[in-house]
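Residue strings, one per chain:
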2 protein chains.
Amino acid sequence: MSMYVVGHKIPDSDSICGAIALAYLKNQIGEPAKASRLGEPSPETQFILDRFGFEAPELKMSYAGEEVYIVDHSELTQAPDDIAEATIVGIVDHHKLGDLTTSTPLECWIRPVGCSNTVIKMMYDFYNVDIPKDIAGIMLCAILSDTVIFKSPTCTTADIRCVEALAEIAGVEDFKALGMEMFKVKSAVGGTAPRDLVMRDFKDFNMNGNLVGIGQLEVVDLSVFDNIKADLEADIAALKAEGNRHTVMLLLTDIMKEGSELLIVSDDAELSKKAYDIATENGRAWLPGVLSRKKQVVPPLQGVFA
Amino acid sequence: MSMYVVGHKIPDSDSICGAIALAYLKNQIGEPAKASRLGEPSPETQFILDRFGFEAPELKMSYAGEEVYIVDHSELTQAPDDIAEATIVGIVDHHKLGDLTTSTPLECWIRPVGCSNTVIKMMYDFYNVDIPKDIAGIMLCAILSDTVIFKSPTCTTADIRCVEALAEIAGVEDFKALGMEMFKVKSAVGGTAPRDLVMRDFKDFNMNGNLVGIGQLEVVDLSVFDNIKADLEADIAALKAEGNRHTVMLLLTDIMKEGSELLIVSDDAELSKKAYDIATENGRAWLPGVLSRKKQVVPPLQGVFA
């Protein structure tokens, strides 16, 4: 029986590239595997796939009766809707431990590093499997994306060493230049519908019974949002109502200035103040130094809802 | 800050020996750690500690405000009562993924093998740390215990290779003889109160909102239970009532005949029939070939409660 290797809903580059990289590794060690995805590749991910000559993995939403290897999350809200009817054979991740459970033993490769692809590189090393040049390229880009070219506080020495090793394999001489090229693609938000922008990198979290959705857009200059910010705010308000969410947040992250503008709609008007000690004005706040949803935005929120 | 390394409640040899072995490893790689335990060592575990010259780790029930590395489980019911007030920095385990969650990223070394100590050996190999002779001895015994000297269906090639390597390091020439000596210690049930026997290796599981407690006693000959079986049955009935449990099961496992006598009290008189296709008579049933709670007893139950 072949397993599916799949990342989270609203897939980012780590989910898509990680699924491809891990499926290849599993096949090499005699465990048949097929990469799949739970949504459309973002422009950034498409840039990476094109650059290294990959097709996007199969779009597959239902996994009942299948064996599944989960990439880049361990949260029910981010997993396939029918994951309870599938057999989870493994998880590779770098986030907090979520609420996925299994009824059979599995393997979990979870490490507090900046990117799942850094963990997948450790798996290649463990099994002593050579990484093909093109797969090294997409893994490298996924790590540069998740670590914001090493600027994110989630970035660890392991991520940096991993990128250096993958760049060598992929024959990428200036990986920082490649990273900036990638973030410029990511910054092109013009002509995209507000909902598509909000959902481009959006995750729902179950916080002590409250559904909290958090989107993030990372750009090289926040001025790209000047004309569309009101539309984005209207859209997150709509998203909150549609999903019966307690809160929807959108982080507009400036990777050069190294901070994020927070747009927020919430049942609790004091939420930003409580979590980050920064009050919002008209649903907006500047969070200096905040680049990482996982490390800087989610944990204080968990604390408020605990 | 020093972390505590702790196994599950009602600790078995894997929990105690794993905590000692992992704490040593963590200290060697510059992460201060201290082994602890959530209960008294069983006679089997005491035999292992005595044989290789170890004291039992510190008994410590409360971990609020501490950093904790969890060994041999990922279930809230098996963790310290105040684990929600601690920071879980890692989990090493070989069971199904339970309902522990965290609010920060962590490391998880979880593999579908026969024993957590087999995974800990992989961690030593990953960090390239030599295993001291005495620690190799207790790790070896934990694996022989969990795999029932390789007879359990949970036993994998990785466990066998691991025992062989550890026996070499520990200077144990005949590890199977050591295993039998250990199981004979485990089989000495005379003179022990029924509650102490039932609780010797007892785990509570949350099955879709129903609390199910499952104890197991592994012996070399079931006749040791002839005179105390009625007392054991009375005790599991009491345990069910006291804990407001849906079901309490006690597996009397004959490691030579390779099967288990099931004693059961349950709100569902048909539970054994539904889960194992074997009806009980007066709350008893013989389950041929059943040696493993984790692999043969729990998953079918999960299916019934799903």
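Caption draft 1: A look at the environment of Glu218(B). Residue and element names in this part refer to chain B. If you trace the backbone, Glu218 turns up in strand β8 (residues 210-219). Note on Glu218: relative accessible area 7%, which makes it buried. Leave out the neighbours within four places in its chain, and Glu218 touches Ser145, Val148, Phe183, Lys186, Ser187, Thr253, Ile255 and Leu291. In this structure the side chain of Glu218 is engaged in a polar contact, spanning 2.7 Å, whose partner is the side chain of Lys186.

Caption draft 2: Quick peek at the domain arrangement of chain A. All names here are of chain A. For chain A, the assigned domains read domain 1 (3-184) and domain 2 (194-305). Taking the mean C-alpha position of each, domain 1 and domain 2 sit 24 Å from one another. Across the boundary between the two partners, domain 1 contributes 23 residues, which contact 21 residues of domain 2. Interface of domain 1 and domain 2: buried area, both sides summed, is about 1,900 Å²; carbon and sulfur atoms make up 62% of it. The interface formed by domain 1 and domain 2 includes one salt bridge. Here Lys151 ties to Glu258 by a salt bridge, and the two come within 3.8 Å at their closest N and O atoms. On the surface where domain 1 and domain 2 come into contact, there are six residue pairs in polar contact (both at pLDDT 80 or more).

Caption draft 3: Region of the structure containing the relation of the copies chain A and chain B. If you rotate chain A by 180 degrees and push it 0.0 Å along the axis, it lands on chain B with an RMSD of 0.0 Å. Expressed as an axis order, the relation between the two copies is that of a two-fold axis. In this assembly, 100% of the residues forming the interface of chain A have copies in chain B that are likewise at the interface, indicating an isologous arrangement.

Caption draft 4: Expanded view of the packing of helix α1 (residues 13-28) of chain B against helix α2 (residues 43-52) of chain B. Residues and elements named next belong to chain B. The N-to-C vectors of α1 and α2 enclose an angle of 30 degrees; their axes lie 9 Å apart at closest approach. Packed against α1, whose contacting residues are Ser13, Ile16, Cys17 and Ile20, the element α2 presents Glu44, Thr45, Ile48 and Leu49 at the interface. Class assignment for the residues of the contact of α1 with α2 results in five nonpolar, two polar and one charged.

Caption draft 5: Local environment of the sheet that holds strand β8 (residues 210-219) of chain A. Residue and element names in this part refer to chain A. Ordered in space as β7-β8-β9-β10-β11, the five strands form an open sheet in which the pairing is mixed. Across the chains shown, the open sheet's two edge strands, defined by having one partner strand only, are β7 (202-207) and β11 (284-288). If you compare each strand with its neighbour and ignore which way they point, the axes differ by 25 degrees on average. In terms of strand pairing, strand β9 (residues 247-254) meets strand β10 (residues 259-266) through eight bridges, oriented antiparallel. Across the sheet, residue Val248 finds its bridge partner in β10, namely Val265. Against the sheet, helix α10 (residues 293-305) makes contact with β7, β8 and β9, and its axis sits at roughly 160 degrees relative to β8, the strand it touches most.

Caption draft 6: View of the pairing of β8(A). Residue and element names in this part refer to chain A. Within β8, eight of the 10 residues are buried, which leaves the element mostly enclosed by the surrounding structure. Hairpin remark: β7 followed by β8, antiparallel, with two residues in the connecting loop; positive phi at Asn208, about 50 degrees. The pairing of β8 with β9 spans eight bridges and is classified as parallel. From the neighbouring strand, Leu217 faces β9, where its bridge partner is Leu252. In this fold, the crossover linking β8 to β9 by way of helix α8 (residues 229-242) has right-handed handedness.

Caption draft 7: View of the sheet that holds strand β6 (residues 107-110) of chain B. The 12 strands lie next to each other as β3(A)-β2(A)-β1(A)-β4(A)-β5(A)-β6(A)-β6(B)-β5(B)-β4(B)-β1(B)-β2(B)-β3(B), forming an open sheet whose pairing is mixed. Either end of the sheet is taken by a strand with one partner, and the two such strands are β3 (58-59) of chain A together with β3 (58-59) of chain B. As defined by bridge partners, strand β2 (residues 33-37) of chain A adjoins β3(A) across two bridges and the pair is classed as parallel. Bridge pairing in β3(A) links Arg37(A) to Leu59(A).

Caption draft 8: Looking closely at the side chain of Thr247(B). Relative to the helices and strands, Thr247(B) is located in strand β9 (residues 247-254). Once residues lying within four places of it in the same chain are set aside, the contact partners of Thr247(B) are Leu211(B), Val212(B), Gly213(B), Lys240(B), Ile264(B), Val265(B), Ser266(B), Asp267(B) and Leu271(B).

Caption draft 9: Summary view of the packing of aromatic side chains. A complete count under the given rule lists 10 aromatic pairs over all chains for this structure. Centroid distance Tyr4(A) to Tyr63(A): 5.7 Å. Interplanar angle 80 degrees. Geometry classified as edge-to-face. Pair noted here: Tyr4(A) is in strand β1 (residues 3-6) and Tyr63(A) is in the loop between β3 and β4 (67-71), with a separation of 59 residues, a long-range link. Judged by relative accessible area, Tyr4(A) falls into the buried class, the value being 14%. For the ring pair Phe126(B) and Tyr127(B), a centre distance of 5.0 Å and an interplane angle of 90 degrees mean the geometry is edge-to-face. Classification of Tyr127(B) as partly exposed rests on a relative accessible area of 25%. Put simply, the rings of Trp109(A), Phe126(A) and Tyr127(A) pair up and form one aromatic cluster. Note that Arg111(A) overlies the ring of Trp109(B), its terminal NZ or CZ placed 3.8 Å from the centroid. Above the plane of the ring of Tyr63(B) lies Lys60(B), whose end atom (NZ or CZ) is 5.3 Å from the centre.

Scoring rules and cut-offs
- Residues numbered from 1 in each chain as written.
- Chains lettered and ligands numbered in written order.
- Predicted model: local features only at pLDDT ≥ 70, side-chain atom pairs only at ≥ 80, totals over all residues.
- Heavy atoms only, no water.
- Helix = DSSP H or I, 4+ residues; strand = E, 2+ residues; numbered from the N terminus.
- Buried < 20%, exposed > 50% of the residue type's maximum accessible area, 1.4 Å probe, protein only.
- Contact = heavy atoms within 4.5 Å.
- Polar contact = N/O pair within 3.5 Å; in protein donor to acceptor, adjacent residues only side chain to side chain.
- Domains from an automatic or database assignment.
- Buried area = accessible area lost by both parts, 1.4 Å probe.
- Salt bridge = Lys/Arg side-chain N within 4 Å of Asp/Glu carboxyl O.
- Least-squares fit on C-alpha atoms with pLDDT ≥ 70 in both.
- Axes fitted to C-alpha atoms, helices over the stretch in contact; angles between N-to-C directions.
- Nonpolar A, V, L, I, M, F, W, Y, C, P; charged D, E, K, R; others polar.
- Pairing = 2+ DSSP bridges.
- Right-handed = clockwise from strand over helix to strand, strands pointing away.
- Phe/Tyr/Trp six-rings, centres within 6.5 Å; stacked < 30°, edge-to-face > 60°.
- Lys NZ or Arg CZ within 6 Å of the ring centre and 35° of its normal.

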